[in-house]
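# Working through the structure, step by step
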Protein chains: 2
Amino acid sequence: MKNNHIKQSETILTGDRATGPLHLGHYVGSLKQRVELQSNHKQTILVADMQGLTDNANNPSIVSENILNVVADYLAVGIDPKLTTICLQSQLPALTELTMLYSNLVTIARLERNPTVKNEIHQKGFARSIPAGFLTYPISQAADITAFNATLIPVGDDQLPMIEQTNEIVRKINSLAKKRVLNECRPLLSKSSRLPSTDGKSKMSKSNGKPINLGSNEKEIRQAVRSMYTDPNHQSIDSPGRIAGNVVFTYLDTFHSDIAYVKQLKEHYQRGGLGDGYTKAILEECLQEFIRPIRKRRNELLRDKSFLIEVLKSGSKKSQIETKKVLLQVKDIFGLNILN
Amino acid sequence: MKNNHIKQSETILTGDRATGPLHLGHYVGSLKQRVELQSNHKQTILVADMQGLTDNANNPSIVSENILNVVADYLAVGIDPKLTTICLQSQLPALTELTMLYSNLVTIARLERNPTVKNEIHQKGFARSIPAGFLTYPISQAADITAFNATLIPVGDDQLPMIEQTNEIVRKINSLAKKRVLNECRPLLSKSSRLPSTDGKSKMSKSNGKPINLGSNEKEIRQAVRSMYTDPNHQSIDSPGRIAGNVVFTYLDTFHSDIAYVKQLKEHYQRGGLGDGYTKAILEECLQEFIRPIRKRRNELLRDKSFLIEVLKSGSKKSQIETKKVLLQVKDIFGLNILN
């Protein structure tokens with residue numbers, strides 16, 4: 001248990017937009033940590049199909065076709081539905097009701113100042129043609145977090161503005177209620193740095209080059225490793241090579257179990273006499289070994305989808321009850337309880 | 001039945017923000033028509049508490065304290081819950097789910113172009129500090145209308161942009177579905193002109209001067225009529241007076257049953273020899289008579305609120321079923337049906 005600096009009994013909410021299968025970047029940055037956290041904390045994972053639609057509404061199959069893929073990815077890497085509640089965002093109407101209520105407490109100017117959203121609007125080339133649902137998605141995330149009364153949110157540092165926005169809403173709600181109804185939440189920053197994309201240009205993601213998915217087959221893994229960015233000045237086997245920025249070594253550092261051996265390889269590479277073909281072969285073997293059992297479990301799960309559907313159904317049912325409780329408390333603050 | 005130009009079996013949605021008791025302006029502009037429409041059409045009235053909060057979130061009791069007042073107003077003027085379904089917006093989660101889905105189809109730029117919202121933002125002095133929920137309320141209205149698959153929407157001409165926005169969303173949804181799932185709706189413009197405020201400066205509303213509420217007591221009615229704007233140049237009884245812009249005559253035209261008598265009064269007033277005290281006394285008697293039975297029924301209803309609550313509960317229950325059906329169809333278009 002690496003996260004032993006965390007207090008016992010935290011309520012953790014995490015999740016993924018269901019817009020594609022998960023990849024090694026997700027594993028390193030988040031899934032691995034979730035597997036560790038699930039034994040000692042109350043962890044819920046939200047498959048964010050509604051949020052996935054905020055910039056895919058004109059092509060919704062991108063979302064619908066990936067919902068079960070994502071659940072299969074979770075189970076394949078070791079997330080255990082007996083320990084972690086896995087639920088589907090669109091099955092929890094309380095989340096949308098909270099979003100709607102919170103929308104009255106957040107100004108358009110405030111949303112436009114959100115650095116993460118600003119950056120994404122720029123990346124996606126939305127400008128003013130940004131869908132309303134996209135600009136307002138930080139409100140929806142605040143609804144997700146508070147609906148589970150989550151105290152700890154595993155995030156990348158680019159997501160810190162979301163935590164800030166959530167806590168602003170929490171303080172407004174508590175101030176309207178004149179008592180603490182909702183908990184403020186804290187970020188749990190991942191200890192691993194972001195896994196680079198295979199071309200080394202940015203972090204691994206759907207939009208940057210070809211990510212190595214958790215369900216990749218042998219050929220895809222081989223091709224990905226062979227195309228990896230190394231040291232462009234390392235022209236012959238005999239010449240010395242650079243480790244910094246060399247994606248192969250970053251991946252070896254992350255995935256190879258024998259740290260001493262990787263250290264030895266690095267020294268050899270820097271000295272000269274070690275070819276990229278050799279280091280890539282070692283990495284390939286290591287990744288093949290890492291992904292093989294995950295792919296196997298993933299394929300088994302996807303062959304008969306009824307179990308995945310059952311996992312989502314039972315997690316969503318449990319979460320419906322939980323989120324509805326919080327919704328009723330918030331509706332009460334707004335006086336929307338006269339029929340109860 | 002005055003609305004005999006309307007096809008049979010229209011589905012009508014109408015409603016009011018629950019931010020204050022209803023007044024004579026509501027009666028003339030809308031409630032009277034609803035009483036007429038309810039016998040021959042499928043009419044639903046939505047008590048819009050959620051929309052009321054879009055600009056009252058920091059003072060939510062404005063909304064919660066008026067929900068039952070508004071229902072009492074409806075029943076007191078003759079809306080019959082056996083003929084008209086009266087439901088409470090916050091009891092219908094399908095409306096918020098539809099709002100969220102539609103939000104992905106409407107850009108911020110489009111919302112900012114809405115002339116009604118533009119005008120309201122200006123009136124309320126919001127500028128960029130406009131709550132997100134307020135800017136996006138036309139999407140929420142589109143959700144309300146389409147959730148009931150309404151075909152005819154009674155509106156004032158200032159609300160026509162809302163119909164336009166709704167039909168844009170309807171066309172997008174139908175185009176995504178590649179078939180007609182939702183109906184486009186048509187406006188039903190009120191045939192009566194807007195009732196002026198008692199000071200003659202604008203239309204009667206909560207924000208313009210003191211409106212004459214449907215529950216006004218005798219003294220309030222008397223004071224309102226006595227303070228009415230007439231003809232400022234009509235200095236003595238003997239001098240001729242003007243009818244145009246004279247609020248007393250506008251109200252007599254609207255509320256007095258004897259058209260010939262009002263015509264005779266007008267001629268006398270224009271000739272000279274008729275004092276404002278006299279015309280006001282006639283108007284006061286007429287309004288006292290008009291409001292007395294409404295106030296009586298309204299007070300009876302508000303003395304025991306359980307009946308009003310029952311009306312809202314049963315209307316909301318019926319509407320839950322109806323709106324959920326539409327929601328499932330729309331979710332289906334977005335592929336959000338894998339757990340069904």
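Residues numbered from 1 in each chain as written. Chains lettered and ligands numbered in written order. Predicted model: local features only at pLDDT ≥ 70, side-chain atom pairs only at ≥ 80, totals over all residues.

## So, the overall build of chain A
For chain A, the helix and strand inventory stands at 15 helices and 5 strands. Its C-alpha atoms give chain A a radius of gyration of 22 Å, within 12% of the compact-globule value 20 Å for 340 residues. Every one of the 340 residues in chain A was classed for burial, and the buried ones make up 48%. Considering only contacts in chain A between residues 6 or more positions apart, those separated by 24 or more positions represent 79%. (Helix = DSSP H or I, 4+ residues; strand = E, 2+ residues; numbered from the N terminus. Rg over C-alpha atoms; globule rule 2.2 N^0.38 Å. Buried ≥ 20, exposed ≤ 12 C-beta atoms within 10 Å, placed from the backbone. Contact = placed C-beta atoms within 7 Å.)

## What about the interface of chain A and chain B?
Chain A puts 46 residues into the contact, and the matching count from chain B is 46 residues. Looking at the side of chain A that touches chain B, its residues break down into 26 nonpolar, 15 polar and 5 charged. (Nonpolar A, V, L, I, M, F, W, Y, C, P; charged D, E, K, R; others polar.)

## A word on the packing of helix H5 (residues 93-102) of chain A against helix H5 (residues 93-103) of chain B
The description of two packed helices rests on the angle between their axes and on the distance between the axes. The geometry of H5(A) relative to H5(B) is characterised by a closest axis approach of 9 Å and an angle of 75 degrees between their N-to-C directions. Between H5(A) and H5(B), the interaxial angle falls into the category roughly perpendicular. Contacts from A:Pro93, A:Thr96, A:Glu97, A:Thr99 and A:Met100 of H5(A) reach H5(B) at B:Pro93, B:Thr96, B:Glu97, B:Thr99 and B:Met100. Here the residues of the contact of H5(A) with H5(B) are counted per class, giving 4 nonpolar, 4 polar and 2 charged. (Axes fitted to C-alpha atoms, helices over the stretch in contact; angles between N-to-C directions. Parallel < 35°, antiparallel > 145°, perpendicular 65-115°, else oblique.)

## A few points about the relation of the copies chain A and chain B
Between chain A and chain B, the superposition needs a rotation of 180 degrees and an axial shift of 0.0 Å, giving an RMSD of 0.1 Å. Such values leave the two copies arranged in the relation of a two-fold axis. Comparing contact sets, 100% of the residues at the interface of chain A also lie at the interface in chain B, consistent with an isologous, same-surface contact. (Least-squares fit on C-alpha atoms with pLDDT ≥ 70 in both.)

## Things to note about the pairing of strand E3 (residues 84-88) of chain B
Residues and elements named next belong to chain B. By the criterion of burial, E3 is predominantly enclosed, with 5 of the 5 residues buried. The two faces of E3 match: Thr84, Ile86 and Leu88 on one face and Thr85 and Cys87 on the other face are all buried. Across 5 bridges, strand E2 (residues 42-48) lies against E3 in parallel orientation. When the sheet's bridge partners are listed, Leu46 is paired in E3 with Cys87. (Pairing = 2+ DSSP bridges.)

## Quick notes on the packing of helix H4 (residues 67-77) of chain B against helix H14 (residues 276-303) of chain B
Residue and element names in this part refer to chain B. Running from N to C, H4 and H14 point in directions that differ by 135 degrees, and their axes come no closer than 8 Å. Considered as vectors, H4 and H14 are oriented oblique to each other. Two packed elements cross with a definite hand, and for H4 against H14 that hand is right-handed. Contacts between H4 and H14 involve Leu68, Ala72, Asp73, Leu75, Ala76 and Val77 on the former and, on the latter, Ile294, Arg297, Arg298, Leu301 and Leu302. Grouping the constituent residues of the contact of H4 with H14 by class yields 8 nonpolar, no polar and 3 charged. (Left-handed = near helix turned anticlockwise from the far one by under 90°.)

## Overview of the nonpolar core
Membership of the largest hydrophobic core comes to 185 residues, with the highest contact counts inside it found for A:Val71 and B:Val71. Look past the residues within four positions of B:Val71 in its chain and what remains in contact with it is B:Val47, B:Ile86, B:Leu308, B:Val311 and B:Leu312. (Core = buried A, V, L, I, M, F, W, Y, C linked by C-beta atoms within 7 Å.)

## Thoughts on the domain arrangement of chain A
Residue and element names in this part refer to chain A. When the domains of chain A are assigned, the result is domain 1 (11-195 + 305-333) and domain 2 (218-300). Here domain 1 and domain 2 have C-alpha centroids that lie 34 Å from each other. Each side of the interface is counted separately: domain 1 has 7 residues, and domain 2 has 4 residues. No other element matches the 5 residues that helix H4 (residues 67-77) contributes to the side of domain 1 that touches domain 2. Here the residues of the side of domain 1 that touches domain 2 sort into 6 nonpolar, no polar and 1 charged. (Domains from an automatic or database assignment.)

## A word on helix H12 (residues 247-255) of chain A
For H12(A), the complete set of buried residues consists of A:Val247, A:Val248, A:Phe249, A:Thr250, A:Tyr251 and A:Leu252. On its buried face, H12(A) sits against helix H13 (259-271) and helix H14 (276-303) of chain A.

## Quick notes on H5(B)
Most of H5(B) sits inside the fold, with 11 of its 11 residues counted as buried. When we look at burial in H5(B), the residues that qualify are B:Pro93, B:Ala94, B:Leu95, B:Thr96, B:Glu97, B:Leu98, B:Thr99, B:Met100, B:Leu101, B:Tyr102 and B:Ser103. Where H5(B) is buried, its residues contact helix H2 (49-53), H5 and helix H8 (132-135) of chain A together with helix H9 (137-147), helix H10 (160-177) and helix H15 (306-333) of chain B.

## Describing the confidence of the model for chain A
Looking at chain A, pLDDT values average 93 and 98% of them are 70 or higher. As a predicted assembly, this complex carries a pTM of 0.93 together with an ipTM value of 0.92. (pLDDT = per-residue confidence, 0-100.)

## Topic: the environment of A:Ile221
Residues and elements named next belong to chain A. Within the fold, Ile221 resides in helix H11 (residues 218-226). Ile221 sits 10 residues away from Pro211 along the chain, and the two C-alpha atoms are 9.8 Å apart. Setting aside residues no more than four positions away along its own chain, Ile221 makes contact with Ile212, Ser216, Glu284, Leu287, Gln288 and Ile291.

## Topic: the pairing of strand E5 (residues 186-189) of chain B
Residues and elements named next belong to chain B. Here strand E4 (residues 152-155) pairs with E5 via 4 bridges, running parallel. Within E5, the residue paired with Leu152 across the bridge is Arg186. Since E4 and E5 lie parallel, the crossover through H10 that links them has a hand, and here it is right-handed. (Right-handed = clockwise from strand over helix to strand, strands pointing away.)

## Side note on the environment of B:Leu274
Residues and elements named next belong to chain B. Along the chain, Leu274 falls in the loop between helix H13 (259-271) and H14. Residue classification places Leu274 among the buried residues on the basis of 20 C-beta atoms within 10 Å. Measuring from C-alpha to C-alpha, the distance between Leu274 and Lys210 comes to 26 Å, with 64 residues separating the pair along the chain. With sequence-adjacent residues up to four places away left out, Leu274 is seen in contact with Ile237, Leu265, His268, Tyr269 and Thr279.

## What to know about unusual backbone geometry
Residues and elements named next belong to chain A. If you check the backbone angles, Asn149 has positive phi at about 50 degrees while not being a glycine. Locating Asn149 in the fold gives a position in the loop between helix H9 (137-147) and strand E4 (152-155). Judged by the 19 C-beta atoms lying within 10 Å of it, Asn149 falls in the partly exposed class. The phi dihedral of Lys178 is positive, around 60 degrees, even though this residue is not glycine. When you line up the elements, Lys178 lands in the loop between helix H10 (160-177) and strand E5 (186-189). With 8 C-beta atoms counted inside 10 Å, the residue Lys178 sits in the exposed group.

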